[in-house]
Amino acid sequence: MNSYLPRTDDMFFVLSRVLGAPAQLQALPAFEEIDADLMQQVLGEAGKFVGDVIAPLNRDGDEVGAQWKDGAVTMPPGFRDAYQAFWQAGWPALSAAAEDGGQGLPTVLEAMLYEMLSAANHGWTMAPGLLHGAYECIRHHGSPALKAAYLEKLATGEWLATMCLTEAHAGSDLGMVRTRATPRPDGSYALSGTKIFISGGEHDLSDNIVHLVLARLPDAPAGPKGLSLFVLPKFQADGSRSAVFCERIEEKMGLHGSPTCVLRFDGAVASIVGEPGKGLNAMFVMMNAARLHVALQGIGLLDAAWQKADAYARERRQMRAPGRARGTSDADLIAEHPAIRRILDSQRAWVDAGRVLAYRTAIELDQIRHGDAQAQRSGQRWCALVTPIMKAVFTHQAFHGGSDCLQVFGGHGYVREWGIEQIIRDARVAMIYEGTNEIQAIDLLVRKLLPDGGQDMALLLDSLQADVSDETRGRITTLRALTARIVAAAPRDAALPYRVADDYLRACALVLIDWAWQRIEAGLDGAAADREARWQAPARALRQWLLPEFAMRAGIIEQQCQAVTG
Ligand SMILES: Cc1cc2nc3c(=O)[nH]c(=O)nc-3n(C[C@H](O)[C@H](O)[C@H](O)COP(=O)(O)OP(=O)(O)OC[C@H]3O[C@@H](n4cnc5c(N)ncnc54)[C@H](O)[C@@H]3O)c2cc1C
């Protein structure tokens, strides 16, 4: 079984030649001293750490898994040592601010690190995956006292963090959260209630765990507006243990290296983060960071599945491929069969486009943080609209495209030996957590597009128009028309946007990956011939096998709108 190998040269090509990130970022005062060489060096070191330390633990993570006994959770062999090495080497601190103990590097490097980590070992990566969001949440919404208590610990990763939202009856609908927060005379709060499905709620990776918890004050109104956000550590400053108990961990389909905990809060002493009743606002900072990370999980896992399938297809020999002369050495490799090539090249096209979009999103996050007012506005537009699209399509593709990669192995993919079935089991959950993919589609269409009548989407589409082919421009024009159709028809049938939300999100995604590939092809201009050959087959697959879906989605949306407007 081969384990995942980070291919940082391909990743750096996207960063530098396709997106021009080094020059763009260096133009920001915050990153003046960060040039292409430094970025490449950091990426190379990250790739080495992921390949040497994290990837080899993936199989044990699955087979041994996290173990619960009497409220304590023991992580799989090697996980704690790897985490200690990870934070002590400064990896979680990459993009945190220098004044908080971070390295002040661009967010895009952190994004690339997490893509590799997820590809190498999804279960292990769940633990640090929430760190940066927790850090940003306290940084934006915490009082000076909370910042003093938590920022450095979270920035460096010395302490890990959780996001405690879900309850047995409250999943997608967080407005139903029942955990209570009772004010105490000293200004703190006592939390009581039970949260379920809490990733990393208990473990032995770090010496302390910071819980961010959505709960309801006694006089709070029902629904989401009654939620406030609280923070508490597993161990308080005086060394005493908080009243948070891990009642059990779930038996799951995959992701065995990540403990999914039932956490009981038994009057646990906590501090409020931000204002009462504004808990969801504060939590959204964390959830948005987490959504980009989940999109990166999808891209990384699909890349890992593709790597395995590609290597296997270059060794496995079956019938002679059509059109190949008898006796040529590779004529009977399954990689030569059109059906297998279609799978491999299509998945490669998704991964490569995914990188362009995810790295661009991370660069926009840096623009939001450090750019001028105009850069901030367009960065916010890009992130608000593109993040839910990426979360949904790349997690969908990791599972479905990953399953196609498993198909390349035939029966050998279904047995454990090659490790590809683990990827499929692990990847499945990414379509569910951080807001299910149905909720992402609704977020895009109902919460973000309809309220402004599609104006922000129109501006985003304008920004994609430059330097694209006529065919791509045609798809962008169709998407504009579809947007206007939905906006016009929605007032006549309140359910319409919900019926077509998934089709609309897929149509947007296809326009974005089409745009991403045009940027890749522009970046190849002047590249060495062998480099060009690497990208040709996925570029062809994009046109042959992926983009035709756009017309189908457009047809469904049009038909649904017509049924409403006549
Ligand atoms: C391994 C794992 C790790 C997790 N980690 C965390 C964590 O760290 N912290 C945390 O708080 N939670 C975590 N979760 C919980 C996760 O975020 C929820 O499972 C998810 O939000 C969905 O909630 P639910 O399971 O209650 O499903 P439900 O909300 O009951 O949804 C069931 C189905 O109905 C659909 N649906 C629901 N509402 C709508 C709607 N309005 N429109 C259209 N469709 C709808 C959903 O898309 C889904 O298909 C984790 C879950 C798992 C499995």
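Residues numbered from 1 in each chain as written. Predicted model: local features only at pLDDT ≥ 70, side-chain atom pairs only at ≥ 80, totals over all residues.

Turning to the site of the ligand, a few remarks are in order. Around the ligand there are 19 residues in total, and Leu165, Gly171, Ser172, Ser199 and Thr436 lie nearest to it. Within the residue set of the shell around the ligand, elements represented by two or more residues are strand 3 (160-164), strand 5 (189-199) and helix 15 (437-449). The class makeup of the residues in the shell around the ligand is 11 nonpolar, six polar and two charged. Here the shell around the ligand gathers at least three residues from each of two domains, domain 2 (157-279) and domain 3 (283-565). (Near = placed C-beta within 6 Å. Helix = DSSP H or I, 4+ residues; strand = E, 2+ residues; numbered from the N terminus. Nonpolar A, V, L, I, M, F, W, Y, C, P; charged D, E, K, R; others polar. Domains from an automatic or database assignment.)

Another point: the packing of helix 12 (residues 373-408) against helix 16 (residues 455-465). Running from N to C, helix 12 and helix 16 cross one another at 100°; their axes reach a closest spacing of 10 Å. By the criterion of interaxial angle, the relationship of helix 12 to helix 16 is roughly perpendicular. Residues Arg381, Trp382 and Leu385 of helix 12 lie in contact with helix 16, whose contacting residues are Asp456, Met457, Leu459 and Leu460. Taken together, the residues that form the contact of helix 12 with helix 16 break down as five nonpolar, no polar and two charged. (Axes fitted to C-alpha atoms, helices over the stretch in contact; angles between N-to-C directions. Parallel < 35°, antiparallel > 145°, perpendicular 65-115°, else oblique. Contact = placed C-beta atoms within 7 Å.)

Each assigned domain of the protein chain is listed with its residue range as follows: domain 1 (8-141), domain 2 (157-279) and domain 3 (283-565). Each of domain 1 and domain 3 has a C-alpha centre, and the two are 23 Å apart. Opposite the 34 residues of domain 1 that make contact, domain 3 presents 30 residues. Of all the secondary-structure elements, those providing two or more residues to the side of domain 1 that touches domain 3 are helix 1 (8-18), helix 2 (21-26), helix 4 (58-63), helix 6 (107-120), helix 7 (122-129) and helix 8 (131-141). Looking at which element gives the most residues to the side of domain 1 that touches domain 3, the answer is helix 6, with nine residues. Taken together, the residues of the side of domain 1 that touches domain 3 sort by class into 19 nonpolar, 10 polar and five charged.

Positive phi is not limited to glycine here, since Phe197 has a value of about 60°. Within the secondary structure, Phe197 is located in strand 5. The phi dihedral of Glu434 is positive, around 60°, even though this residue is not glycine. Mapping Glu434 onto the fold places it in the loop between helix 14 (420-427) and helix 15.

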